[in-house]
Amino acid sequence: MSIQKVSTRPFKDQRPGTSGLRKKVTTFQQPHYLENFIQSIFDVIGEIKGKTIVLGGDGRFHNKEALQIIIKMAAANGIGRTMVGLGGILSTPAASCVIRKHNLLGGIILSASHNPGGPKGDFGVKYNVENGGPSPGHVTESFYRRSLEINTYCFFDAPDVDLEQLGENRIGDMVVEIFDSVADYAGLMERLFDFDRMKELFSSGKFSMVYDGMNAVTGPYARAIFEGRLGAPLGTVINGDPLPDFGGIHPDPNLKHARELVEIMNSENAPDFGAASDGDGDRNMILGRRFFVTPSDSLAILAANADLVPGYSGGLSGIARSMPTSMAADRVAEALGIQCYETPTGWKFFGNLLDAGKVTLCGEESFGTGSDHMREKDGLWAVLFWLNLLAAKEEPVKKIVQDHWRKFGRNFYSRHDYEGLEPDSANGLMDHLRESLTCLMGKYFGNYEVEIADDFSYTDPVDGSLSTGQGIRIIFRGASRIVFRLSGTGTEGAILRVYLERYEIDTERQDQDTQEALSDLIIIANNIAQIHTRTGRDMPSVIT
Ligand code: G16
């Protein structure tokens, strides 16, 4: 066993996107590709000698091979201890939980989140810092800069570690600890939520639930919590085994991809409550019987009812939402007399607000919700929060949501995604929008008058850092909006996201179909952005 210095040459495409470096599996399988990026991380995160990191992934194809490489690189770079999730499995929220609980230097998570897996699917690497959250933009930018100049990496030539056995192993001076990440995570959930009340709900026999693990990372966590600690019947968790190709499922918990769950929840004898999580366990989808809760509404409803949940009954310090997320949470914040912060897309922007104690709850339209209990969005946490509300209120999901609309008004909301676009035409469309901004101000589209048209920029209230170019906002008088931005997580071509929102205070008109309620805005969005002319597309690929 010995440390080797391996010669390498830079790859030019290792700039992380919204959430880490995401590429096709085949890109990561190129010789030295993964190694270069990992060495770039080790080179720029500061003093690492003797420190402890956590490591694991969502179980997707290439996870185990990549873990063995990273373990050997960690040993060669002088890391003192690497904690690895049993079987190589570690959800993104569990990584955040472990980093915070054990005061670690940070963690490496192997995941392409909600993107498809398998040999032809996607792979990814994220580095989370010592507060448990994603690396801030200036840190990921330094990984990228380093990756452009790297010429060697360090590797410990040693046998593979058995990831399936709990306990300690050694590579050179580094201890490799295989640990049970489910226990730490489940313990944290028990401290936040009323497990006794939820147990009663399940044992009452009057309540049923189905949770779709989408054959991704949350299965073991969900089984341990719902079927283990809460006594839900076996079978409550479906698709609960993490598989390298997710069993062919696209592990994105939305109405299109969580097809099995949606069918169950729309069926004659649908359970009372349905939920799903994504590849790495940080996203969530919440469903009632034949009823979908938008992530934006979910954030607002959790905030409005937080006093019913033990971990949050002391009150909220503030709420944060990403800019494209609907403004439903703003109305709750106003009613509670607390601040609602509007940040760019990406969980990393919530980190400073959480660390400074300015916000308790955060959420994004992209099926992400979380709180100050960690520094990542947390899929199972959101499901447990809803379960706790259902147990406390003893009302159906649909009634809870409709009552919320009656009280605060409804923000009709939908996102239209145009996937796999030619990057040139997608960039051309965005450039055209940017150039049109000044002409749009004050312009009428039917009854809609443009009040603000800008390219969103954000000054972090904690460290003063400025992020520009974060999405085109067309805001109409009366709080309706259209937002355009390009995704930072796709791996094939470009993805245009169009976010549509209309506020409805009239209680008689709050139960309309969402797409119908937004139909005028959909036409206006197409006209302003010239979507059809510039992309050739008549219809979005995914509507959520
Ligand atoms: C990541 C980020 C989220 C972001 C989402 C969408 O989610 O962590 O904060 O909202 O991407 O990004 P985009 O619209 O750029 O594709 P995940 O679940 O993929 O890590």
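Residues numbered from 1 in each chain as written. Predicted model: local features only at pLDDT ≥ 70, side-chain atom pairs only at ≥ 80, totals over all residues. Heavy atoms only, no water.

1. A few points about the overall build of the chain
- Broken down by element type, the chain carries 18 helices and 27 strands.
- Taken against the 2.2 N^0.38 rule, which gives 24 Å for 544 residues, the C-alpha radius of gyration of the chain at 23 Å falls within 12% of a compact globule.
- Considering only C-alpha atoms, the chain reaches an extent of 70 × 60 × 40 Å along its principal axes.
- Within the span of the chain, comprising 544 residues, buried residues form 61% of the whole.
- Counting only contacts in the chain whose residues sit at least 6 apart along the sequence, the fraction spanning at least 24 positions is 72%.
- Carbon and sulfur atoms make up 47% of the accessible area of the chain, which amounts to about 20400 Å² in all.
- Across the chain, the centroid of the 55 positively charged side chains sits 2 Å from that of the 71 negatively charged ones. (Helix = DSSP H or I, 4+ residues; strand = E, 2+ residues; numbered from the N terminus. Rg over C-alpha atoms; globule rule 2.2 N^0.38 Å. Buried < 20%, exposed > 50% of the residue type's maximum accessible area, 1.4 Å probe, protein only. Contact = heavy atoms within 4.5 Å. Areas by Shrake-Rupley, 256 points an atom, 1.4 Å probe, with all protein chains shown as cover. Lys, Arg positive; Asp, Glu negative; His and termini not counted. Charge placed at Lys NZ, Arg CZ, Asp CG, Glu CD.)

2. A closer look at the site of the ligand
- The environment of the ligand is formed by 19 residues, the closest being Glu-364, Arg-485, Gly-488, Thr-489 and Arg-497.
- In the environment of the ligand, an oxygen atom lies 2.8 Å from a nitrogen or oxygen atom belonging to the backbone of Trp-347.
- A distance of 2.5 Å separates an oxygen atom of the ligand from a polar side-chain atom of Glu-364.
- Computed on the free molecule, the ligand has an accessible area of 460 Å², of which 99% lies beneath the protein chains in the complex.
- A class-by-class count of the residues in the shell around the ligand yields one nonpolar, 10 polar and eight charged. (Near = heavy atom within 4 Å. Polar contact = N/O pair within 3.5 Å; in protein donor to acceptor, adjacent residues only side chain to side chain. Nonpolar A, V, L, I, M, F, W, Y, C, P; charged D, E, K, R; others polar.)

3. Focus: the domain arrangement of the chain
- Taken domain by domain, the chain holds domain 1 (2-181), domain 2 (185-408) and domain 3 (410-543).
- A straight line from the C-alpha centre of domain 2 to that of domain 3 covers 26 Å.
- The interface is formed by 30 residues belonging to domain 2 together with 26 residues belonging to domain 3.
- Of the roughly 2500 Å² buried where domain 2 meets domain 3, counting both sides, 55% is carbon and sulfur surface. (Domains from an automatic or database assignment. Buried area = accessible area lost by both parts, 1.4 Å probe.)

4. So, helix H7 (residues 195-203)
- Taken together, the buried positions of H7 are Phe-195, Met-198, Leu-201 and Phe-202. The buried residues of H7 occupy one face: seen down the axis, they fall within an arc of 115 degrees. Of the residues in H7, the exposed ones pointing more than 90 degrees away from the buried face are Asp-196, Glu-200 and Ser-203.
- In this structure, the buried residues of H7 make contact with helix H6 (181-192), strand E10 (209-212), helix H8 (219-229) and helix H13 (379-393).
- Just downstream of H7, Gly-205 is the residue with a positive phi angle, here 75 degrees. (Arc of directions from axis to C-beta.)

5. Quick notes on unusual backbone geometry
- The backbone phi angle of Ser-113 is positive, close to 55 degrees, even though this residue is not glycine.
- Positionally, Ser-113 belongs in the loop between strand E5 (106-110) and strand E6 (122-128).
- Phi angles above zero are rare outside glycine, and Gln-530 is one such case at about 50 degrees.
- If you trace the backbone, Gln-530 turns up in the loop between helix H17 (519-529) and helix H18 (531-535).

6. Remarks on the sheet that holds strand E12 (residues 273-277)
- Judged by pairing direction, the sheet is mixed, and its five strands sit side by side in the order E11-E10-E12-E13-E14 without closing on themselves. Either end of the sheet is taken by a strand with one partner, and the two such strands are strand E11 (237-238) and strand E14 (291-293).
- Where E10 lies against E12, four bridges are found, and the strand directions are parallel. For Asp-212, the partnering residue across the bridge sits in E12 and is Ala-276.
- Relative to the sheet, H13 contacts E10, E12, strand E13 (284-288) and E14, its axis offset from that of E12 by approximately 165 degrees. (Pairing = 2+ DSSP bridges. Axes fitted to C-alpha atoms, helices over the stretch in contact; angles between N-to-C directions.)

7. Observations concerning the pairing of strand E18 (residues 368-371)
- Of the two faces of E18, the one carrying Gly-368 and Gly-370 and the one carrying Thr-369 and Ser-371 are both buried.
- In sequence, strand E17 (residues 361-364) turns back onto E18 through a hairpin of three residues, with Phe-367 there showing a positive phi of about 65 degrees.

8. A few points about the nonpolar core
- Within the largest apolar cluster, 73 residues are counted, with the highest numbers of intra-cluster contacts made by Phe-193, Phe-226, Phe-273, Trp-381 and Leu-387.
- Taken domain by domain, the makeup of this core includes at least three residues from each of domain 1 (2-181) and domain 2 (185-408).
- Excluding residues within four positions of it along the chain, Phe-273 makes contact with Phe-207, Ser-208, Met-209, Val-210, Met-265, Ile-286, Leu-287, Val-383, Trp-386, Leu-387, Leu-390 and Val-397.
- Counting residues in hydrophobic clusters, the runner-up holds 45 residues, among them Val-25, Phe-37, Ile-71 and Met-73. (Core = buried A, V, L, I, M, F, W, Y, C linked by side-chain atoms within 4.5 Å.)

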